[in-house]
Amino acid sequence: MAERKNFVLKGNICYSEDIHLLRTVEQGYLVCLEGKTEGVYKELPEQFKALPLTDWGDMLIIPGLVDLHIHAPQFSFRGLNMDLELLDWLNTNTFPEEAKYKDLDYAKKAYQIFADTMKKSATTRACIFATIHRPATELLMDLMEETGLKTMVGKVNMDRNSPDYYCEKSPKESERDTIEWLGSVMSKYDNVTPILTPRFIPCCTDELMERLSRIQKKYRIPVQSHLSENKSEIHWVKELCPTSRFYGDAYDQFGLFGKPAKTVMAHCVYSTHEEIDLMEEQGVFIAHCPQSNTNLSSGIAPVRTYLERKMNIGLGTDVAGGSGESIFRAMVDAVSVSKLRWRLLDESLRPVTMGEAFYMGTLGGGAFFGKVGSFLKGYEFDALILDDSSLPHPQPLSLKERLERFIYLSDDRHIKGKFTEGSRIF
Ligand code: GUN
Ligand code: FE
C-alpha cells in the first residue's frame, strides 16, 4: 500500500500511557506526522484540519502489539505434540523440525506461511528466532521485510548438546557464519534488523559465547536468548557452568546480559533474587511467555515481582512452545496464570490485571524497539483498527470494557487495519 505518513485517524482510541494508566478517548482524533504520533485529541486542532482523515466510525484504535519472543521455524508444528517438557520437547520435536530449514525449498514454504500469518495478526513488532542456517535466515528476513512489520531476526548459534545433524561444527564456524550473515543483512532492509541469538547456555560452549561477545561489541547489535525456563534446564546449566553464580551470570560473564548490550531473555520463570537484581541493574528485558510456560509445564513466572520493581517486561508467544501467534491471547494467559500462581503458590503476589497485561503487550515490550507501543507524542505510529461490532452486548459498554472483551473474545478477522511507523500494512 502507498506510503501516507501524515494523516488523522478518527475513532475510539485506547492506549497505555504507563503501566497504571490506560487512556481512552471516545471519538477522538489520532494525528500521525512523518510516521510518528503527534497527539490524541478530543477536538481536532486547526493546524491538522488539512490532513487526510479516515473516520473509523465506532471501531477501536489501539497501538500495534509486540511479540518479544517467537520462533519462526517452529510455526510449522504449533499446536502439535504438547505432552513433553522442555528438554525432551527440544530433542523430540524442535531440533528435527529446525534441521529441515537447511533445505531452502522447505524453508520457503514454511516461512511464507509464517510471514503471511504474522502480517494478518495483531503483531506489529517481533523478536524472531530463525535456525542455525544462514541462507534460510536471510530468506526469512527477506519475507519479513515484505510484510512491512518491524522485526528483529536472529540466526541461531548452537555448537553443543544437540544432535549432529543440527549442531554447528565448531565455535569458529558458528562465528564465521554469523559474521557473514551480518555482512549481508546489516543495512539491507527498511523493516528488519539482525539480533544476536545464542540459543541458550546448554547449547553454547564458552568459546562460542566468547566469540559472540566480540561480535556483539563490534556490531553493537541486540541479543536474545532463553533464561531460567525449566528446572531441569537450570540444573543442567549449573553442571555445565560450575563457575557461574546463577544462570544469568553465565551470559553476563560474556557481556551478553544487558547493558551495554540491549538484551531480551525469554521466560525468567525461576530467576533467583541475584538474577533478578542483575537483570534490573542491567536493564534486561523479560519476555513473559505464559502459554509456552503452560504447554511445556515449565511453571509460572513471578510477573508481579517484575512489575513492582518496574523492570523491563513484555509478552512473547514463544511459538511453538506457545501454540499461536496471538499477543491478545498472551495477554489473557498472563492474567490467567497469574491468578493460579497467586491462589496456589504465593498469595502475597497479586494477580496481573488486564490493564497491566495490555501494557506488557504494547508499551512494555515496545520499549525494546525504542519509542514504541503507545500513542504518546513522538512514539512511532504503530496502530490497529479493531471491529467489535460482531460482539453485540445488551447494554452500552465503556471503551475499557470493549477493549477487554475484544482481547478475550476476538480473532484476526476483527482487525480491519494495521499500521507500522505510519505505513498501512493492510
Ligand atoms: N530453550 C532453548 N531453545 C528453546 C526453544 O526453542 N523454545 C523454548 N521454549 N525454550 C528453549
Ligand atoms: Fe523460545
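Our subject in this report is the structure included herewith. (Residues numbered from 1 in each chain as written. Chains lettered and ligands numbered in written order. Predicted model: local features only at pLDDT ≥ 70, side-chain atom pairs only at ≥ 80, totals over all residues. Heavy atoms only, no water.)

## A look at the environment of Phe 381
Logical step 1: Along the polypeptide, Phe 381 turns up in the loop between helix 12 (354–366) and strand 15 (383–386).
Logical step 2: For Phe 381 and Tyr 408, which are 27 residues apart along the polypeptide, the C-alpha to C-alpha distance reads 25 Å.
Logical step 3: In contact with Phe 381, other than residues within four places in its own chain, are Phe 7, Leu 9, Leu 30, Cys 32, Gly 35, Lys 36, Thr 37, Phe 419, Thr 420, Glu 421 and Gly 422. (Helix = DSSP H or I, 4+ residues; strand = E, 2+ residues; numbered from the N terminus. Contact = heavy atoms within 4.5 Å.)

## Here's the deal with the side chain of Asp 177
Logical step 1: Considering the arrangement of structural elements, one finds Asp 177 in helix 4 (residues 171–185).
Logical step 2: When near neighbours in sequence (up to four residues on either side) are disregarded, Asp 177 contacts Arg 134 and Lys 155.

## Digging into helix 1 (residues 86–99)
Logical step 1: The sharpest bend along helix 1 comes to roughly 35°, located at Asn 93, with the proline Pro 96 sitting one to four residues further on.
Logical step 2: Listing the buried residues of helix 1 in full gives Leu 86, Trp 89, Leu 90, Asn 93, Thr 94, Phe 95, Glu 97, Glu 98 and Ala 99.
Logical step 3: On its buried face, helix 1 sits against strand 5 (65–71), helix 2 (104–120) and helix 6 (231–240). (Bend = angle between axes of the 7 residues up to and from the residue. Buried < 20%, exposed > 50% of the residue type's maximum accessible area, 1.4 Å probe, protein only.)

## Comments concerning the pairing of strand 2 (residues 21–33)
Logical step 1: Of the strand pairs in this sheet, strand 1 (residues 7–18) and strand 2 are connected by ten bridges, and their pairing is antiparallel. Residue pairing for strand 2: Phe 7 is matched across the bridge by Cys 32.
Logical step 2: In this structure, the hairpin formed by strand 1 and strand 2 is closed by a connection of two residues.
Logical step 3: The sheet contact formed by strand 2 and strand 3 (residues 36–41) spans five bridges and is antiparallel. Along strand 3, the bridge assignment pairs Tyr 29 with Tyr 41. (Pairing = 2+ DSSP bridges.)

## Let's talk about the environment of His 288
Logical step 1: The topology assignment puts His 288 in strand 13 (residues 285–288).
Logical step 2: A relative accessible area of 2% places His 288 in the buried class.
Logical step 3: Considering only alpha carbons, one finds His 288 and Lys 102, 186 residues apart in sequence, at a separation of 30 Å.
Logical step 4: Sequence-distant contacts of His 288, defined by excluding residues within four places in its chain, comprise Asn 293, Ala 301, Val 303, Ile 313, Gly 314, Leu 315, Gly 316, Ala 334 and Val 337.

## What to know about the pairing of strand 15
Logical step 1: The alternating pattern of strand 15 places Ala 383 and Ile 385 on one face and Leu 384 and Leu 386 on the opposite face, and all of these are buried.
Logical step 2: As paired strands, strand 4 (residues 53–63) and strand 15 are joined by four bridges and run antiparallel to one another. In the sheet register, Leu 60 faces strand 15, and the bridge partner there is Leu 386.
Logical step 3: Inspection of the sheet shows strand 15 paired to strand 16 (residues 415–420) by four bridges, in the antiparallel sense. Across the sheet, residue Leu 386 finds its bridge partner in strand 16, namely Ile 415.

## Examining the sheet that holds strand 6 (residues 123–129)
Each strand in a sheet pairs with its neighbour through backbone hydrogen bonds, running either in the same direction (parallel) or in the opposite one (antiparallel).
Logical step 1: Sheet architecture is open: four strands sit in the order 5-6-7-9, paired in parallel fashion. Each having just a single partner strand, strand 5 and strand 9 (192–194) make up the two edges of the open sheet. Averaged over all adjacent pairs, the angle separating strand axes in this sheet is 20°, with direction ignored.
Logical step 2: In the packing of helix 11 (residues 327–344) onto the sheet, contacts are made with strand 5 and strand 6, and the angle to strand 5 comes to roughly 90°. (Axes fitted to C-alpha atoms, helices over the stretch in contact; angles between N-to-C directions.)

## A few points about unusual backbone geometry
Logical step 1: With omega at 0°, the peptide bond leading from Lys 259 into Pro 260 counts as cis.
Logical step 2: The backbone of Asn 81 shows a phi angle near 50°, a positive value even though the residue is not glycine.
Logical step 3: In this fold, Asn 81 is placed in the loop between strand 5 and helix 1.
Logical step 4: Phi at Ser 228 takes a positive value of approximately 45°, unusual for a residue other than glycine.
Logical step 5: With respect to the helices and strands, Ser 228 occurs in the loop between strand 11 (223–227) and helix 6.

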